[in-house]
Amino acid sequence: MQVLVYICATLTLHNVMINNKHLPFWVKLLYGSGDFGISSVYMLRSIFYALYLTDIVGLEPRLASFGGLIGVVWDAVNDPIIGLLTDRMRSRLGRRRPFLLWFAIPFGLSFILLWSAPNWDNQIALLVYVTLSFMVADTLQSLIYVPYLSLTPELAPDYDDRTSLTGLRSFFQLFGSLAVALAAPNIIDRVIAAGFTQQQGYMLVGAIFGGIGIIPLLLIGLFIKETATPQQTEALPLGKSIRVAWKNIPFRYGVAIHLLNWSASDMIVVIFPFFMLYWVAGGDQLASIRILGFDLAYESAFFGIMLVVCILFIRFWMWLARVRNKREAYMLGMGFWVIVQFMVFTIQPGQVTYMLIIAGLAGIGVSAAYTLPDALFSDVIEWDELRTGRRQEGMYFGVRAFIRKVTGAIVIFITLQALGWSGYQAPPDGVIQFAQPESALMMIRLLASPFGAVMLAGVIVFTAFFPLTRERYNRMQKLLDRKRARGMG
């Protein structure tokens, strides 16, 4: 809270246009803080939503998976459209800021709806309800996330400054995820101990983190002014914009990198609660481990250690990207993560300490996965401007947001389908010890280890061929500067 007060005071005194090449630290700090709320609500959904649908709402896993699939179709429609709308927005506040000011509060409140499934016996009616809730929350997330991400290349045109900006955003992204991993299970346990239901615990967690996330988004909308260039004044129709984007060769590689990167990341987040509960803990619903005097649920301990290491290694990956380049640093991080991901398969029941060591090692690679892809992806904007004379950040980051969310939905769909076909069974109400059949346990282990490793190997391949090196990007910026100067003259 003291940090927010300081930011507000600083911004009140320094409410200036961001038009210098290197960003002031307060701009990076405030912009990065916007991802705390976005990532915390996303992490809560990623870690617990599949388990919530099967073990609390009571949906059959294969049926529950179709809720996420319908969400993918909805994502395919709304994200690029919202991106195009932000490109076409004309207001005294700019193109992106109005969306943050209009939709920050609805976005925060919508997350309560996601966990509010009624206690109905009809499986189809429950599926319809959770699907519609998902679509509402997803749409409001798009209305925030797309314009928020679209500010990245506008605020930071410099190659290294852009890496610094996305690095600071990654810090808040991981810090929000860490806060959820540590706090959510504890809050839910306290709600249950007070005599309420586990579902009401999820709703309370959603309200807390959704409410916290509103604050920095409103501050960004109020105080960070956008740059404006003549190239930003025109926008193509949606269909033509997508066709033009697909001709952008670095964009194609960026799509593949993001798709595989976030698929692997989401696979870990979605399947590991099942892995820890039914494989490592042997089905003990109350299993916990004592760390630094605190009794933590397995998922809190695992994700807590992984995310702490992630945060500690952000500066390392930023340093390596600066002294070498973003592409090489990213490939090294993914290569390390591939090795660790195969090690996950060697974890045996009861090996909690070994599991936590794996969590720490995984955090090194996950840190690169959170820090560097957006820094690479932002560079495709200038490539497109050099070719077409237009800046379409909204459309590009609409597609990027679509990729980020579609991977999560696809992973949930695949996970629930695989669990359903493998014989997974939801534990009966009130049971604290429940074992899954061997077929379900093997499927959980395969999803938790080799499947993710293969996707990460694909990331390395596509990154190796990503065409925008530091040298090529700097040459491209010089050409753009000359072109803009001629246009202004």
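Residues numbered from 1 in each chain as written. Predicted model: local features only at pLDDT ≥ 70, side-chain atom pairs only at ≥ 80, totals over all residues. Heavy atoms only, no water.

## A word on the overall build of the chain
Now for step 1: Of the regular secondary structure elements, the chain holds 18 helices and 2 strands.
Now for step 2: Here the chain, with 489 residues, has 60% of them falling under the buried criterion.
Now for step 3: Pairs at least 24 apart in sequence give 84% of the contacts found in the chain among residues at least 6 apart.
Now for step 4: For the chain, the computed accessible surface area is about 19,100 Å², with 68% contributed by carbon and sulfur atoms. (Helix = DSSP H or I, 4+ residues; strand = E, 2+ residues; numbered from the N terminus. Buried < 20%, exposed > 50% of the residue type's maximum accessible area, 1.4 Å probe, protein only. Contact = heavy atoms within 4.5 Å. Areas by Shrake-Rupley, 256 points an atom, 1.4 Å probe, with all protein chains shown as cover.)

## Some words on the pairing of strand 2 (residues 294-297)
Now for step 1: Relative to strand 2, strand 1 (residues 288-291) runs antiparallel, the two sharing 4 bridges. Paired with S288 across the strands is A297, a residue of strand 2.
Now for step 2: Counting the residues that bridge the hairpin from strand 1 to strand 2 gives 2 residues, and of these L292 lies at a positive phi of roughly 55°. (Pairing = 2+ DSSP bridges.)

## Quick look at the nonpolar core
Now for step 1: Of all hydrophobic cores here, the largest spans 152 residues; its most connected members are Y49, W115, F272, F274, F275 and F303.
Now for step 2: The element best represented in this core is helix 9 (residues 249-280), accounting for 19 residues. (Core = buried A, V, L, I, M, F, W, Y, C linked by side-chain atoms within 4.5 Å.)

## Digging into the confidence of the model for the chain
Now for step 1: On average, residues of the chain carry a pLDDT of 82, and 88% of them reach 70 or more.
Now for step 2: In this model residues 228-233 is a low-confidence stretch, pLDDT under 50, and it forms 14 contacts with partners more than four residues away in sequence or in other chains. (pLDDT = per-residue confidence, 0-100.)

## Describing helix 5 (residues 123-155)
Now for step 1: Its 33 residues give helix 5 an end-to-end C-alpha distance of 47 Å, which sits within 8% of 48 Å, the value for a rise of 1.5 Å per residue.
Now for step 2: Counting buried positions along helix 5 yields 25 of 33 residues, so the element is predominantly enclosed.
Now for step 3: The opening residue of helix 5, the one whose side-chain oxygen lies 2.9 Å from the backbone nitrogen of I124, is N122. (Expected span 1.5 Å × (residues − 1). Polar contact = N/O pair within 3.5 Å; in protein donor to acceptor, adjacent residues only side chain to side chain.)

## Quick word on a nonpolar patch on the surface
Now for step 1: A grouping of W74, V77, I81 and L85 is seen on the molecular surface, where their side chains present a nonpolar patch of about 320 Å² in accessible area.
Now for step 2: With respect to the element layout, V77 can be found in helix 3 (residues 61-88).
Now for step 3: A relative accessible area of 42% means that V77 is categorised as partly exposed. (Patch = residues over 30% accessible without salt bridge, like charges linked within 9 Å, V, L, I, M, F, W, Y side chains within 5 Å. Salt bridge = Lys/Arg side-chain N within 4 Å of Asp/Glu carboxyl O.)

## Observations regarding helix 9
Now for step 1: For helix 9, with 32 residues, the first-to-last C-alpha span of 44 Å sits near the 46 Å given by 1.5 Å per residue.
Now for step 2: At I271, helix 9 shows its largest kink, close to 40°, and the proline P273 lies no more than four residues downstream.
Now for step 3: With 28 of 32 residues buried, helix 9 is to be regarded as a mostly interior element.
Now for step 4: Downstream of helix 9 by a residue or two, G282 has a phi angle that is positive, lying close to 65°. (Bend = angle between axes of the 7 residues up to and from the residue.)

## Description of the pattern of salt bridges
Now for step 1: Per the counting criterion, the structure on display carries 4 salt bridges.
Now for step 2: Of the charged contacts in the structure, one is a salt bridge between R169 and D35, with a shortest N-O distance of 2.5 Å. Taken together, the residues span a long stretch of sequence, with R169 in helix 6 (residues 159-193) and D35 in helix 2 (residues 25-57) at a distance of 134 residues.
Now for step 3: Among the ionic pairs, D295 bridges to R290, the shortest N-O distance being 3.0 Å.

## Here we look at the packing of aromatic side chains
Now for step 1: One pass over the full model with this rule turns up 27 aromatic pairs.
Now for step 2: Between F302 and F303, the aromatic rings sit 5.4 Å apart at their centres with planes inclined by 90°, giving edge-to-face as the arrangement. There is no split in this pair, since F302 and F303 are both buried.
Now for step 3: Consider the rings of F316 and W317, whose centres lie 4.8 Å apart with planes at 70°: the pair is edge-to-face.
Now for step 4: Residue classification places W317 among the buried positions, given a relative accessible area of 2%.
Now for step 5: Taken together, F48, Y49, Y52, F111, W115, F134 and Y202 form an aromatic cluster joined through their ring pairs. (Phe/Tyr/Trp six-rings, centres within 6.5 Å; stacked < 30°, edge-to-face > 60°.)

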